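Okay, here's what each chain looks like letter by letter:
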Amino acid sequence: MQDDQCHVRIVFGHLVFDYCAARQAAILYAKDVGEWLGVPVVVDDDVRADMPHLPCESLWS
């Protein structure tokens, strides 16, 4: 896992999705998608090795 990776948590009501992503992509994703969907998107440093990568991460890189 790269050093610039961070944890992205997306909350859809009772559904919670956890991903890892490059910090810049995660921040842009949280702003854009969080506002668009009207859901909380949290970015923090709680990255685990078993987390999948954020789908379509390259769109925010």
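For the structure, check the block above.
Given the structure is predicted, the values throughout are model-derived calculations rather than measurements.

## Looking at the sheet that holds strand β3 (residues 41-44)
Here's step 1: Pairing in this open sheet of 3 strands is antiparallel, and the strands run β2-β1-β3 from one edge to the other. Each edge of the sheet is formed by a strand with only one pairing partner; in this case those strands are β2 (15-22) and β3. Ignoring strand direction, the axes of neighbouring strands in this sheet form an average angle of 20 degrees.
Here's step 2: Here strand β1 (residues 5-12) pairs with β2 via 8 bridges, running antiparallel. Considered in β2, the bridge of Gln5 is made with Ala22.
Here's step 3: Against the sheet, helix α1 (residues 23-37) makes contact with β1, β2 and β3, and its axis sits at roughly 10 degrees relative to β1, the strand it touches most.

## Points about the packing of aromatic side chains
Here's step 1: Applying the stated criterion across every chain yields a total of 2 aromatic pairs.
Here's step 2: Geometrically, the ring pair formed by Phe12 and Phe17 is edge-to-face, given 5.8 Å between the ring centres and 75 degrees between the ring planes.
Here's step 3: What makes Phe17 partly exposed here is its relative accessible area of 31%.

## Section: unusual backbone geometry
Here's step 1: Non-glycine residue Cys56 carries a positive phi angle of around 60 degrees.
Here's step 2: Mapped onto the secondary structure, Cys56 falls in the segment after β3.

## Brief notes about the pattern of salt bridges
Here's step 1: What the rule picks out here adds up to 3 salt bridges.
Here's step 2: A salt bridge links Arg9 to Asp18, with the shortest nitrogen-to-oxygen separation between them at 2.7 Å.
Here's step 3: A salt bridge links Asp50 to Arg48, with the nearest nitrogen and oxygen atoms 3.3 Å apart.
Here's step 4: Judged by relative accessible area, Arg48 falls into the partly exposed class, the value being 38%.

The rules behind the values
Residues numbered from 1 in each chain as written. Predicted model: local features only at pLDDT ≥ 70, side-chain atom pairs only at ≥ 80, totals over all residues. Heavy atoms only, no water. Pairing = 2+ DSSP bridges. Helix = DSSP H or I, 4+ residues; strand = E, 2+ residues; numbered from the N terminus. Axes fitted to C-alpha atoms, helices over the stretch in contact; angles between N-to-C directions. Contact = heavy atoms within 4.5 Å. Phe/Tyr/Trp six-rings, centres within 6.5 Å; stacked < 30°, edge-to-face > 60°. Buried < 20%, exposed > 50% of the residue type's maximum accessible area, 1.4 Å probe, protein only. Salt bridge = Lys/Arg side-chain N within 4 Å of Asp/Glu carboxyl O.

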